[in-house]
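Structural features, examined
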Amino acid sequence: FEVRYRYYMPSPLPWRDSVWIPNHQPGDELVRLRVSSGHVLARSAAGGVVVSWSACGNALFLVVLDKWTGGRGWLQRRDAATGRLRWRTAMGRDTAQAYHYCTGNGPNCQAAPVLAHGRLFIACTDGWIRIFDPGTGAPGGRISAGSPLFTAPIIGDRCLWVTTWPGHVMCLAL
């Protein structure tokens, strides 16, 4: 098994006794390998290039770019064992132009999705934390940070902590 890294890619994602390997081209597959042997356990068409991802329970949450130039960002939920797509929701374009190689057309999210309090939170480059229903992908609101976000939020009982592009640390009420 070989992966050719040409562009930025997220780290391989551990899940139980295996690891998911991201793809590097829109038509390539995601591959799940057994950690102890390297044996391929699952392959799945990604529907784009993985920009960020996380695993929670039996779910993988991915932000993907459907093509390198002029592409759109999508949020996906996939089965963590098989990689089967459960749903996908459009994330839009990068209005902050954080992805200069895509001339402003990249995903507006670079940070890994975070599941907390029964909701999925995604910090986006346009300064909004978008909230989704993890079961359906339905939008559930958004919170403004007022500045581009490139890292995942940390979520406490009543507060969502983010670091903004200029370097400010903020606690936003939930």
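See the structure shown above.
Let me begin by describing the structure that accompanies this report.

Calculation rules
- Counting from 1, residues in each chain are numbered in the order their sequence is written.
- Under the rules for a predicted model, residues below a pLDDT of 70 receive no local features and side-chain atom pairs below 80 are neither given nor counted, while totals for whole chains, interfaces and linings still include all residues.
- The side-chain values count all of the structure's non-hydrogen atoms but skip hydrogen atoms and water molecules.
- A carboxyl oxygen of Asp or Glu within 4 Å of a side-chain nitrogen of Lys or Arg is what we treat as a salt bridge.
- Accessible area is worked out with a 1.4 Å probe on protein chains only. A residue is then buried under 20% of its type maximum, exposed over 50%, and partly exposed in between.
- Note on terminology: pairs of cysteine sulfur atoms within 2.5 Å are recorded as disulfides.
- Note on conventions: DSSP H or I runs of at least 4 residues are helices, E runs of at least 2 residues are strands, and numbering of each starts at the N terminus.
- Paired strands are those between which DSSP finds at least two bridges.

With respect to the pattern of salt bridges
- By the definition in use, this model includes four salt bridges.
- Notably, a salt bridge pairs Asp126 with Arg130, separated by 2.8 Å at the nearest N-O pair.
- Looking at Asp126, the relative accessible area reads 23%, which means it is partly exposed.

Comments concerning the state of the cysteines
- If you walk through the whole model with that rule in mind, you get one disulfide.
- Note that Cys159 is cross-linked by a disulfide to Cys171, the S-S spacing being 1.5 Å. Of this pair, Cys159 sits in strand β14 (residues 159-163) while Cys171 sits in strand β15 (residues 169-173), and the two are 12 residues apart along the sequence.

Focus: the sheet that holds β15
- As summarised here, the arrangement of the three strands in space is β13-β14-β15, forming an open sheet in which the pairing is antiparallel. Each edge of the open sheet carries a strand with a single partner, namely β13 (154-155) and β15.
- Two elements, β13 and β14, share two bridges in a ladder whose sense is antiparallel. Within β14, the position partnered with Ile155 by the bridge is Leu160.

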